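Next come the chains, spelled out residue by residue.
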Amino acid sequence: MTGNIDHIQSDAHIQSYGKLLGVLAILLFLTALTIIVSRIHFGGANIWVALIVASVKSSFVLLFFMHLKYESILIKASFLATIGFLSILIGFMFWDVAFR
Amino acid sequence: MEIIGKISYMETQATQPIKSFYETPSPSRFTGIGAWLLTIDHKRIGLMYMASVMVWFVIALILGLLIRTELMATGSTIMEAETYNAIFTLHGVIMIFLFVIPAIPAIFGNFLLPIQLGTDDVFFPKLNLLSWYLYMLGGFLAILSLFADGPPDTGWTFYVPFSVSTETNVGLTVTAAFILGMSSMLTGLNFITTVHRMRMPGMKWMEIPLFTWSLYATAWVQLLATPVLSITLLLVILERIFGSGLFDPSKGGDPILYQHLFWMYSHPAVYIMILPGMGVISEIIPVFSRKSIFGYKAIVGSSMAIAVAGSLVWAHHMFTSGMSDVAVFVFSFLTFIVAIPSAIKVFSWVSTMYKGSILMTPPLFFSLCFIYLFSIGGLTGLVLGAAGTNIQVHDTHFVVAHFHFVMFGGTGFAFFAALHFWWPKIFGIMYNFKRAYVAAILTTTGFMLHYIPMFILGIMGMPRRYYDYLPEFQTGNFFAGIGAYILVAGVLVMLLNLLISFKNGETSPSDPWGGTTLEWSIPSPPPLHNFVESPKPKGYPYDFTDIVRSNSLNSNDSLNRGSKL
Ligand code: HEM
Ligand SMILES: [Cu+2]
């Protein structure tokens, strides 16, 4: 009866050191960018820049370090749904915060 | 090889009856109590939840009765104000986090979801066991707070600034809720993966029974919303220990932010509570109407719609808290939208019964009470969802009556219905019908007498969470108190009747009711691996043609036996 679960991918994805180091370099660069940008005053745009950079960084971590890139479409979709859901929740809070 | 294996297997089957999961521990090396505490069998875990959830339910019921007794007369009747605050907090915390949220998914979901999907266990059996241990740990911490510098007196909502400034042991209870959240998430995770990965080959999405569908929708909410609560509760602890000022305006924080975060989980949580109950009702109504469920796809769709839309209405708990008028408008509007899928379900159940051939049994009786009580709860929810009327009745007993109608009249009664529906499947025995009806009538009557006066008191302006009140509220509170005693008596009769069935209940056949979903095709109680032979997909799960045909040939004698007991 357990026969219906044996088509689960168990093949590990071994990534080259070069690639991993490349991702690390990008992450470090983006961290530096965050710090630099935080010193410059864009007004309200500051928070958006910080959020965008942070999202790009976490995407890299998830895609490469956490192997999301090699997962099935279903896993990717569930993950994206989670992110989408979170941003809707936070976004809806602005019905209050932005109009007080 | 395989053929020989099959033949010898069939021979053993012919010579000796199939052993139930009670007689075959899993893993098999454990015996006695270890066979329960270390089991990875989803059915045993479901039963361990049943035992522990019941204990909490009875404790919280007694606490509730104490609250009610205090309110039966003006002034201090049986306790002081501080005790009252602690008791209603504990009553709420236990009922919500230890009873209503886990009851149906953790007991009946664990037991039945794999069976309804035609498989032998959940996807992560060990995490399943871990979730039970987290549940017990959370419950233990909640009780511990009773003995360590005063139980919390904040109400189950832990609103700041009071939850940060009060001297009582909020930290411990909040930690308990945090751990219980983890337990709930593990159950949700298990159900999602099981539905996706372990459905029997050939079972299509639109062939999944509605109870399992409702658990699937619930599981997404559990998984996505619970972390918000966990983090919010952590923030409360941080605030208490370090005074970081997130919610403190004098430090640039925002107290309303706490309410947003809290309700972002806790409103979806009311759907975690009600969706599985709706799933139970969607199973019971067609079976006893001998008629395919009306609007299968609409019910599936409405479960998913409730899961999504229900996550976007949280701020309707905050209309009077000082948030912006735009938010009041938007969240009031969204609240009205989410009432639509709930109504779709109610209409579908009623339409299923229309021109069905109705067979009255205790599970159906409880389900009918559910439909009635839940409808009142849902409609009064609209009174609360309308921003104008909400201002009048917010934080009065009207709200208390509303959520008891949905949580107790809804989820509670669905839980009772599920107990009576699946009892013969789980234990292989049938209970006495007459006592079950008496219990159901007592419970419903007591329920109405208890909560209807609270609607009126709320409209008259009696605030909630006070141990005393003005003289004009005396009559209503007195009658409500009497209702509460009848209600508790009804629940006790029900539980005793079920317990007595262990002693002198008749054995139940595999399909005592004439159900069509897979659990009714296997022995009662089920064998360890659920199915004796690999189940075959049946296509649409609610086809009663065969049941009706065999019924007209020989009247269903197992049911007649049940009612004669
Ligand atoms: C049509 C569906 C529903 C609508 C429109 C609705 C609406 C509301 C609103 C607007 C409030 C806030 C009242 C206030 O504090 O001023 C409320 C409170 C509440 N509702 Fe509902 N509700 C619905 C269904 C449910 C269900 C299904 C449950 C649970 C199973 C539930 C449980 C609660 C609880 C626990 C509270 C009170 C929370 C507290 O302050 O302690 N509701 N409801
Ligand atoms: Cu709500």
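Residues numbered from 1 in each chain as written. Chains lettered and ligands numbered in written order. Predicted model: local features only at pLDDT ≥ 70, side-chain atom pairs only at ≥ 80, totals over all residues. Heavy atoms only, no water.

Engineer: Can you lay out the overall build of chain A for me, pointing to particular residues and giving the numbers?
Structural biologist: Counting secondary structure elements, chain A contains three helices and zero strands. When the elements of chain A are put in sequence order from the N terminus, they spell out α-α-α. Here chain A holds 100 residues, and the buried ones make up 15% of them. A sequence separation of at least 24 residues applies to 55% of the contacts in chain A between residues at least 6 apart. Surface summary for chain A: the accessible area is close to 7100 Å², and the carbon and sulfur share equals 76%. (Helix = DSSP H or I, 4+ residues; strand = E, 2+ residues; numbered from the N terminus. Buried < 20%, exposed > 50% of the residue type's maximum accessible area, 1.4 Å probe, protein only. Contact = heavy atoms within 4.5 Å. Areas by Shrake-Rupley, 256 points an atom, 1.4 Å probe, with all protein chains shown as cover.)

Engineer: Can you lay out the overall build of chain B for me, pointing to particular residues and giving the numbers?
Structural biologist: Looking only at helices and strands, chain B has 18 helices and two strands in total. Its C-alpha atoms put chain B at 80 × 45 × 45 Å along the principal axes. Across the 565 residues of chain B, 60% fall into the buried class. If you sum the accessible surface of chain B, you get close to 21500 Å²; carbon and sulfur atoms cover 70% of it.

Engineer: Please set out the coordination of the iron atom of ligand 1 residue by residue, giving values where relevant.
Structural biologist: Protein coordination of the iron atom of ligand 1 is limited to a single donor, His402(B) (NE2), which sits 2.2 Å from the metal. Within the secondary structure layout, His402(B) lies in helix α14 (residues 397-427). (Donors = N, O, S within 2.8 Å, 3.2 Å for Na, K, Ca; no water.)

Engineer: Pulling in residues and values, what's your account of the site of ligand 1?
Structural biologist: Residues and elements named next belong to chain B. Not every one of the 21 residues close to ligand 1 is listed here, only the nearest: Asn390, His394, His402, Phe403 and Arg464. Measuring from an oxygen atom of ligand 1, one finds a side-chain N or O atom of tryptophan 156 at 3.1 Å. Taking histidine 394, its side chain carries an N or O atom lying 2.5 Å from an oxygen atom of ligand 1. Residue assignment for the shell around ligand 1 shows that the elements contributing at least two residues are α9 (255-289), α11 (325-353), α12 (362-385) and α14. Looking at the shell around ligand 1, its residues break down into 11 nonpolar, nine polar and one charged. (Near = heavy atom within 4 Å. Polar contact = N/O pair within 3.5 Å; in protein donor to acceptor, adjacent residues only side chain to side chain. Nonpolar A, V, L, I, M, F, W, Y, C, P; charged D, E, K, R; others polar.)

Engineer: Please give an account of the nonpolar core that cites residues and values.
Structural biologist: Residue and element names in this part refer to chain B. Core analysis: the biggest nonpolar cluster contains 180 residues, and Met50, Phe97, Phe108, Trp314, Phe370, Phe415 and Trp422 have the highest contact counts within it. For this core, the element with the highest residue contribution is helix α4 (residues 81-116), accounting for 22 residues. With seven residues, the next largest nonpolar core counts Leu172, Ala176, Ile179 and Leu186 among its residues. (Core = buried A, V, L, I, M, F, W, Y, C linked by side-chain atoms within 4.5 Å.)

Engineer: Give a description of the environment of Met93(A) that names residues and reports values.
Structural biologist: Residue position: Met93(A) is located in helix α3 (residues 73-97). Along the sequence, Met93(A) and Ile52(A) sit 41 residues apart, while their C-alpha atoms lie 19 Å from each other. Beyond its immediate sequence surroundings of up to four residues, Met93(A) is in contact with Leu257(B), His260(B), Met264(B) and Trp314(B).

Engineer: Which residues make up the coordination of the copper ion (ligand 2), and what are the values?
Structural biologist: All names here are of chain B. Around the copper ion (ligand 2), the protein contributes the donor atoms His267 (ND1), His316 (NE2) and His317 (NE2), which lie 1.8 to 2.0 Å from the metal centre. All donors of the copper ion (ligand 2) belong to a single chain; written as a sequence motif, their spacing is H-x48-H-H. The buried category is assigned to histidine 267, whose relative accessible area is 5%. The exposure class of histidine 317 is partly exposed, given its relative accessible area of 23%.

Engineer: Report on the interface of chain B and chain A, specifying residues and quantitative values.
Structural biologist: At the junction of the two partners, chain B supplies 32 residues and chain A supplies 18 residues. Both sides of the chain B and chain A interface together cover about 2200 Å² of buried area, and 75% of this is carbon and sulfur. It is Arg197(B), Leu224(B) and Ser324(B) that lose the most area in chain B upon contact with chain A, and together they represent 24% of the buried surface on that side. Seen at the junction of chain B and chain A, the total is one salt bridge. With a shortest N-O distance of 3.1 Å, Asp254(B) and Arg100(A) are connected by a salt bridge. Our count for the contact surface shared by chain B and chain A stands at four residue pairs in polar contact (both at pLDDT 80 or more). Looking at the side of chain B that touches chain A, the elements that each hand over two or more residues are α7 (170-197), α8 (210-242), α9 and α11 of chain B. For the side of chain B that touches chain A, the leading source of residues is α11(B), giving five residues. A per-class count over the side of chain B that touches chain A returns 20 nonpolar, eight polar and four charged. (Buried area = accessible area lost by both parts, 1.4 Å probe. Salt bridge = Lys/Arg side-chain N within 4 Å of Asp/Glu carboxyl O.)

Engineer: Describe the domain arrangement of chain A, naming the residues involved and giving the relevant values.
Structural biologist: What the domain assignment reports for chain A is domain 1 (15-57) and domain 2 (67-100). Distance from the C-alpha centre of domain 1 of chain A to the C-alpha centre of domain 2 of chain A: 20 Å. (Domains from an automatic or database assignment.)

Engineer: Outline a nonpolar patch on the surface, listing residues and values.
Structural biologist: Residues and elements named next belong to chain A. A grouping of Tyr17, Leu21, Leu24, Leu28, Phe65 and Met66 is seen on the molecular surface, where their side chains present a nonpolar patch of about 680 Å² in accessible area. The leading source of residues in the nonpolar patch is helix α1 (residues 17-39), at four residues. Within the secondary structure layout, phenylalanine 65 lies in helix α2 (residues 45-65). (Patch = residues over 30% accessible without salt bridge, like charges linked within 9 Å, V, L, I, M, F, W, Y side chains within 5 Å.)

Engineer: Mind laying out unusual backbone geometry, listing which residues take part and the relevant values?
Structural biologist: Comment: phi is negative for the bulk of residues other than glycine, and the bulk of peptide bonds are trans. Residues and elements named next belong to chain B. Cis geometry marks the peptide bond from serine 26 to proline 27; its omega dihedral reads 0°. Cis geometry marks the peptide bond from valine 160 to proline 161, where omega comes out at 0°. Secondary-structure assignment places proline 161 in the loop between α5 (125-144) and α6 (162-165). Of note in this structure, lysine 355 is not a glycine but carries a positive phi near 60°. The exposure class of lysine 355 is exposed, given its relative accessible area of 71%. Phi at arginine 465 takes a positive value of approximately 65°, unusual for a residue other than glycine. With respect to the helices and strands, arginine 465 occurs in the loop between α15 (433-460) and α16 (474-504). Overall, the relative accessible area of 27% leaves arginine 465 in the partly exposed class.

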